[in-house]
Amino acid sequence: WFLYSIIPPPVLGSLNVSDEALHQLYYDPNIENKNLAQKWLMQAQVSPQAWQFCWALLSPDKVPEIQYFGASALHTKISRYWSDIPTDQYESLKTQLFSQIACFSSGSKMVLTRLCVALASLALNTMPEAWPGAVSEMVRVFQEEGGGVDGRARCLALLELLTVLPEEFQTSRLPQYRKGQVRGALGREWGSVCPLLQQLLRRTDSPGAVKARVLRCLSSWVLLDVPLSESEGLVHDCFSALPDPELFDTAVEAIVNAISQPDSQRYVNTLLKLVPQVLALQEQLREAVQNGDMETCHGICRIAVTLGENHSRTLLEQVDHWQSFLALVNMIMFCTGIPGHYPVNETTSSLTLTFWYTLQDEIMSFESDKQAVYLQVYRPVYFQLVDVLLHKAQFPTDQEYASWSCDEKEQFRIYRVDISDTLMYVYEMLGAELLSNLYDKLGRLLTNAEQPTSWQHTEALLYGFQSIAETIDVNYSDVIPGLIGLIPRISINNVQLADTVMFTIGALAEWLADHPVMLSSVLPLVLQALGNPDLSVSSVSTLKKICRECKYDLPPYATNIVAVSQEVLIKQIHKTSQCMWLMQALGFLLSALPVEDILRNLHSLITPYIQQLEKLADETPNPSNKLAIIHILGLLSNLFTTLDISKQDDESADGSAPPVKTAPPPPGPNPVVVVLQQVFALIQTVLSKWLNDSQVVEAVCAIFEKSVKTLLHDFAPMVSQLSEMLGQMYSTIPQASALDLTRQMVHIFASETDHFPPIKALFELVTSVTLSIFQQGPRDHPDIVDSFMQLQAQALKRKPDLFLSESLDVKAVFHCGVLSLKFPEAPTVKSTCLFFTELLPHCSDVPPVARVVQEDGKLLIQAVLEGIGGGATRSLMDQFAEVLFSLNKHCFSLLAVWLKEALQPPGFPSSRVTTEQKDNFSHQILRERVNKRRVKDIVKEFTLLCRGLHGTEYAAEY
């Protein structure tokens, strides 16, 4: 097997070696041998010798796998190395390919296809100049008798060639200007293809295989934007083919492709002729539904939806034909409400949902007079749609649902989310009347004692309310009080119904904040549900929403809420994430109580966990008590994330950004600070035993980080002792989470005179420790390097005076930054670029920074150029451009010198760029001192040149 691993390229053409390698690839069970064979064959395929051996590999005595490789090698050479082929060889290459396709028309289908693709690639490279009328010639050659190949095989080969020609065009690597020329040439060739396809499709003696290939060929050609008016007759023939089960799928694909082309909306008359053809499929659709033929339902629905979705506006505007379009809309409504449960009994209804968005958008985009007319017709349709969607959203019977697989249940859940999104969108058109409509239905359902109702019906109506209330402001709706009144009347004997009741209450949390008198109706239901593990997610998330939105109205209920929450936490009813949410809910709740009540509740809530933590702190570390420690620390973190006694903008209270304080807190120490000071010694004890475990350290840091984010300056009493503890932690075992907490402290307290000394000492200590990591080799700690660079950037932003300290080695920090720019991890490089963009503006006001930039700035430029030249991923080019822009703005004269010196060595930053291109890049950069966007474009352009990607399809996507 090692034979071909050592063969030099000049003898790649050795046929027996190719045979051997292919045999190895296809039949050798050893994966290493397979990989080696594949690598060698890929090299062989692109070698000059491939022209010789690929024809030999197509020999009739070879097995199809070897013949396939020969055909693929031909295609590779023609499509990727066209420039290697002498012009005078075009004709003989074409003739050979025609000959091989004729030979294989009765042979292996996979080899035939690859040969057709190779000839298609040749045609694309030679038309229209070197091979005018390429398609006409293909048709003529294959229609001629001879070669001992029967007519049916020749016909199928021709159709395969005509099918792959447009497909090869779509994936070809032709330059943009050539693509336009070739597209035009192919468009002119449609006149040769269309009559042939029509003739074959309409002949009664055409075999099914030929007709199927004709439909595939049509599908391929219409993707070239063939005018719909020119393919109208063929599309009509496709509709005629739909009753044939063997042709159904390919006919559907052809129709869908033809009418979904962007250009097709120009052909209004053709579209109007298509509507009755689609409507005529309703009988076939109903039969398919009755017979449980999901594939046919799916296909007909695709056709109706494609016509409606792509041409709603065009068809709406043909007011003389409004009834036929309304009939099409009703046909799509039938598809939306198709009998059976998705995805077990049907998979069609989901296809229709985007149509309803599109139709609504088109109607609402008309000017008001026109819109009013359309709304008169279509509002009733959309009210019907709501009924249909809620019927489709209903759960099956308990017995049937229990028989569904996990995958089917998940698909149904996603389907219901899609229905929910559609209902929310439909509300924009139907407005408050939709809520009244839902409320009336629910009211009749719950108050009609004579007619028994299924829980599924009740649940679906509530789900409709929830869908709308989750995203739409329902505060002004006059039916919500009635709905809140109806909820306690619901007989909840099912988990799905109970879940939806919970989520509906949660969706109405903002409304409850404006109508607190109604809290007493729903809060008992939520607290009762908290004790049910099956309702864990819905009950806890609903309580959290209520506590966040209604916290200032909850003090009368606080004792009860805390007691029930404590009970479920102690019983460990909920999973870890729900326990964390529950703690956040309690944080919101306690925030609105008087300080003494907060402290009392905190004491009863936290004491059991503190006692447990004390016990765990005494034990020898093991995996079991580690999880318990992280759980307890997580509970405290989440409680302190939301416990804030100052009035504030609640939008940011979840810790995603520091909340905006709108009123000062009450006098005296903050309750969170009181608790933290009480448990501080215990946390230190835990740390002392678990300092080498990053997860425990992270959990400890999270408590303080979340507290700092929530309390902001109220955290001040803890700054000194926390800074000391952080310093000790990081000095012993450096971890990224400690740096992240330090950054948070710098952000909030570095500018305060009282707290500057401990923050300065901490900053200098962690910087010194990190510098020693760099000396030992930082490659194993990309997370620490990332956090360190973010910390340095924050310090420069909030308190650049930190860089004036004699204890801080600014030069070493700068060198660490240069080294970090070469890390393979993109987030680390991003953070490092941020550090330099914060550092460079301080060349004017921080002397140590000015000195190091002047002395070592060239190293920075070299590292940046190395990244742009190919050393870093292309996604980082904007960040490198920011550094260059900052250098240009703050160190212009030095940058000009550094760029000239850095770009001077040949082959740097890439062997693919010329001296002229490097000079051009340098001049362009130095010219742009104001337009940052332009600098980013210059860098992107240069990096493509450096990587040899300029002008390729990859560049077009960049």
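Residues numbered from 1 in each chain as written. Predicted model: local features only at pLDDT ≥ 70, side-chain atom pairs only at ≥ 80, totals over all residues. Heavy atoms only, no water.

S.K.: An account of the overall build of the protein chain is needed here, citing residue identities and associated values.
M.R.: Check the secondary structure of the protein chain and you find 45 helices and 0 strands. A principal-axis box enclosing the C-alpha atoms of the protein chain has dimensions of 100 × 90 × 60 Å. With 958 residues in all, the protein chain has 54% of them scored as buried. Pairs at least 24 residues apart make up 73% of the contacts formed inside the protein chain by residues separated by at least 6 positions. With the model as given, the accessible surface of the protein chain reaches about 41,700 Å², and the carbon-plus-sulfur share is 52%. With 73 positive and 104 negative side-chain charges, the protein chain shows a spacing of 5 Å between the two charge centroids. (Helix = DSSP H or I, 4+ residues; strand = E, 2+ residues; numbered from the N terminus. Buried < 20%, exposed > 50% of the residue type's maximum accessible area, 1.4 Å probe, protein only. Contact = heavy atoms within 4.5 Å. Areas by Shrake-Rupley, 256 points an atom, 1.4 Å probe, with all protein chains shown as cover. Lys, Arg positive; Asp, Glu negative; His and termini not counted. Charge placed at Lys NZ, Arg CZ, Asp CG, Glu CD.)

S.K.: I'd like a rundown of helix H42 (residues 892-902), residues and numbers included.
M.R.: Taken residue by residue, H42 has Leu-895, Trp-898, Leu-899 and Ala-902 as its buried positions. Projected onto a plane normal to the axis of H42, the buried residues spread over an arc of 100 degrees and lie on a single side. Along H42, the residues that are exposed and aim more than 90 degrees away from the buried face are Ser-893 and Lys-900. Buried residues in H42 make contact with helix H40 (847-871), helix H41 (877-890) and helix H43 (915-927). (Arc of directions from axis to C-beta.)

S.K.: An account of the domain arrangement of the protein chain is requested, with residue identities and associated values reported.
M.R.: Put simply, an interface is often sized by how much accessible area is lost when its parts join up. Splitting the protein chain by domain gives domain 1 (1-84), domain 2 (88-266) and domain 3 (270-491). Taking only C-alpha atoms into account, the centre of domain 2 sits 41 Å from that of domain 3. The interface is formed by 17 residues belonging to domain 2 together with 19 residues belonging to domain 3. Its largest share of buried area at the contact with domain 3, domain 2 owes to Phe-239, Phe-248 and Ile-259, together 36% of the area lost on that side. Scanning the region where domain 2 abuts domain 3 turns up 2 salt bridges. Applying the counting criterion to the domain 2 and domain 3 interface returns 7 residue pairs in polar contact (both at pLDDT 80 or more). Of all elements in the fold, only helix H11 (228-241) and helix H12 (248-259) reach the threshold of two or more residues within the side of domain 2 that touches domain 3. (Domains from an automatic or database assignment. Buried area = accessible area lost by both parts, 1.4 Å probe. Salt bridge = Lys/Arg side-chain N within 4 Å of Asp/Glu carboxyl O. Polar contact = N/O pair within 3.5 Å; in protein donor to acceptor, adjacent residues only side chain to side chain.)

S.K.: I'd like a description of helix H26 (residues 519-529), backed by residues and values.
M.R.: When H26 is considered as a whole, its buried residues turn out to be Leu-519, Val-522, Leu-523, Val-526, Leu-527 and Ala-529. When H26 is viewed along its axis, its buried side chains cluster within an angular range of 155 degrees and face the same direction. Each element contacted by the buried residues of H26 is listed here: helix H23 (480-486), helix H24 (495-507), helix H25 (509-514), helix H27 (536-549) and helix H28 (558-570).

S.K.: If you had to explain the state of the cysteines to someone new, which residues and values would you point to?
M.R.: Summed over all chains, the structure comprises 0 disulfides. For the unlinked cysteine Cys-116, the closest cysteine sulfur is that of Cys-217, found at 11 Å. Unpaired in this structure, Cys-550 has its nearest cysteine sulfur neighbour in Cys-547, at a distance of 8.3 Å. (Disulfide = S-S within 2.5 Å.)

S.K.: Just give me the short version of the nonpolar core, but keep the residues and values in it.
M.R.: Counting 329 residues, the largest nonpolar core has Tyr-378, Phe-704, Phe-715 and Phe-803 as its most contacted members. In contact with Phe-715, other than residues within four places in its own chain, are Val-673, Leu-676, Phe-704, Ser-707, Val-708, Leu-722, Met-745 and Phe-749. Counting 10 residues, the second largest nonpolar core, distinct from the first, contains Trp-40, Leu-41, Ile-66 and Phe-69. (Core = buried A, V, L, I, M, F, W, Y, C linked by side-chain atoms within 4.5 Å.)

S.K.: How would you sum up the environment of Asp-150? Please name residues and give values.
M.R.: Secondary-structure assignment places Asp-150 in the loop between helix H7 (134-143) and helix H8 (151-171). The class of Asp-150 is partly exposed, set by a relative accessible area of 43%. In this structure the C-alpha to C-alpha distance between Asp-150 and Ser-106, which are 44 residues apart in sequence, comes to 8.5 Å.

S.K.: How would you explain the packing of helix H32 (residues 671-690) against helix H33 (residues 694-711) if you had to name every residue and give the values?
M.R.: Packing of H32 against H33 leaves a shortest axis separation of 10 Å and a crossing angle of 160 degrees. Viewed along their axes, H32 and H33 adopt a mutual orientation that is roughly antiparallel. Between H32 and H33 lies a crossing of left-handed hand. From H32, Val-672, Val-673, Leu-676, Phe-680, Ile-683, Val-686, Leu-687 and Trp-690 reach across to H33, where they touch Val-696, Val-697, Val-700, Ile-703, Phe-704, Ser-707 and Leu-711. The class makeup of the residues in the contact of H32 with H33 is 14 nonpolar, 1 polar and no charged. (Axes fitted to C-alpha atoms, helices over the stretch in contact; angles between N-to-C directions. Parallel < 35°, antiparallel > 145°, perpendicular 65-115°, else oblique. Left-handed = near helix turned anticlockwise from the far one by under 90°. Nonpolar A, V, L, I, M, F, W, Y, C, P; charged D, E, K, R; others polar.)

S.K.: Can you explain unusual backbone geometry? Please cite residues and give values.
M.R.: In most cases, non-glycine residues show a negative phi, while peptide bonds are predominantly trans. Residue Pro-128 is reached from Met-127 by a cis peptide bond, and omega for that bond is 0 degrees. Mapped onto the elements, Pro-128 comes out in the loop between helix H6 (109-126) and H7. Following Tyr-342, the chain continues into Pro-343 via a peptide bond in cis, with omega recorded as 0 degrees. Within the secondary structure layout, Pro-343 lies in the loop between helix H16 (322-336) and helix H17 (353-365). One non-glycine residue with positive phi stands out, namely Gln-572, at about 55 degrees. Structurally, Gln-572 can be placed in the loop between H28 and helix H29 (576-591). Despite not being glycine, Leu-712 shows a phi value in the positive range, around 55 degrees. Mapped onto the elements of the fold, Leu-712 is located in the loop between H33 and helix H34 (719-732).

S.K.: Talk me through the pattern of salt bridges; I want residue IDs and the actual numbers.
M.R.: Inspection of every chain in the model, using the stated rule, returns 35 salt bridges. Where Arg-743 meets Asp-740, a salt bridge forms, and the shortest distance between an N and an O atom there is 3.5 Å. On the criterion of helical spacing, the pair formed by Arg-743 and Asp-740 is a turn pair, its members being 3 residues apart in helix H35 (residues 736-749). The two residues Arg-743 and Asp-740 agree in class, both being buried. When salt bridges with common partners are traced through the structure, they connect Lys-109, Glu-160, Arg-213 and Arg-216 into a single cluster.

S.K.: Outline the side chain of Gln-794, listing residues and values.
M.R.: As for its position among the elements, Gln-794 is in helix H37 (residues 782-798). Given the relative accessible area of 15%, Gln-794 is considered buried. The contacts of Gln-794, once residues within four sequence positions are left out, are Arg-743, Val-746, His-747 and Lys-799.

S.K.: How would you summarise the packing of aromatic side chains if you had to cite specific residues and measurements?
M.R.: Applying the stated rule across the entire model yields 21 aromatic pairs. Summarising the aromatic geometry, the rings of Tyr-357 and Tyr-425 are spaced 4.7 Å apart at their centres and angled 35 degrees between planes, so their arrangement reads as tilted. You can see Tyr-357 sitting in helix H17 and its partner Tyr-425 sitting in helix H20 (residues 406-430), a full 68 residues away along the chain. Take Tyr-425: its relative accessible area is 25%, and that puts it in the partly exposed class. Three or more aromatic residues joined by ring pairs form one cluster here, namely Tyr-342, Phe-395, Tyr-401, Trp-404, Phe-412, Tyr-415 and Trp-455. The ring centre of Phe-366 lies 4.3 Å from the NZ or CZ of Arg-313, which sits over that ring. A cation over a ring is seen here: Arg-416 above Tyr-463, with NZ or CZ 4.0 Å from the ring centre. (Phe/Tyr/Trp six-rings, centres within 6.5 Å; stacked < 30°, edge-to-face > 60°. Lys NZ or Arg CZ within 6 Å of the ring centre and 35° of its normal.)

S.K.: Residues and numbers for the packing of helix H15 (residues 294-317) against H17, please.
M.R.: Remark: H15 packs on H17, axes separated minimally by 9 Å, with the N-to-C direction vectors making an angle of 5 degrees. Taken together, H15 and H17 sit at an angle that is classed as roughly parallel. Note on element contacts: H17 touches H15 through Thr-354, Phe-355, Thr-358, Leu-359, Glu-362, Ile-363 and Ser-365, opposite Val-305, Gly-308, Glu-309, Ser-312, Arg-313 and Leu-316. Here the residues of the contact of H15 with H17 are counted per class, giving 5 nonpolar, 5 polar and 3 charged.

S.K.: Before we move on, could you go through a nonpolar patch on the surface and cite the residues and values that matter?
M.R.: There is a patch of nonpolar side chains on the surface, built from Tyr-26, Tyr-27 and Val-63 and spanning about 260 Å² of accessible area. Note that Tyr-27 resides in helix H1 (residues 15-27). (Patch = residues over 30% accessible without salt bridge, like charges linked within 9 Å, V, L, I, M, F, W, Y side chains within 5 Å.)

S.K.: Would you mind going over the confidence of the model for the protein chain in detail, with residue names and values included?
M.R.: For any part of a model where pLDDT is low, the fine detail of the predicted coordinates should not be relied upon. Taken as a whole, the protein chain shows an average pLDDT of 90; of its residues, 94% reach a score of 70 or greater. In this model residues 649-662 is a low-confidence stretch, pLDDT under 50, and it forms 38 contacts with partners more than four residues away in sequence or in other chains. (pLDDT = per-residue confidence, 0-100.)

S.K.: How would you explain the environment of Gln-318 if you had to name every residue and give the values?
M.R.: As for its placement among the helices and strands, Gln-318 is situated in the loop between H15 and H16. Separated by 96 residues in sequence, Gln-318 and Ile-414 place their C-alpha atoms 36 Å apart. Once residues within four sequence positions are removed from consideration, Gln-318 is found in contact with Val-268 and Leu-272. Looking at Gln-318, its side chain comes within polar contact range of the main-chain oxygen of Thr-314, at 2.9 Å.

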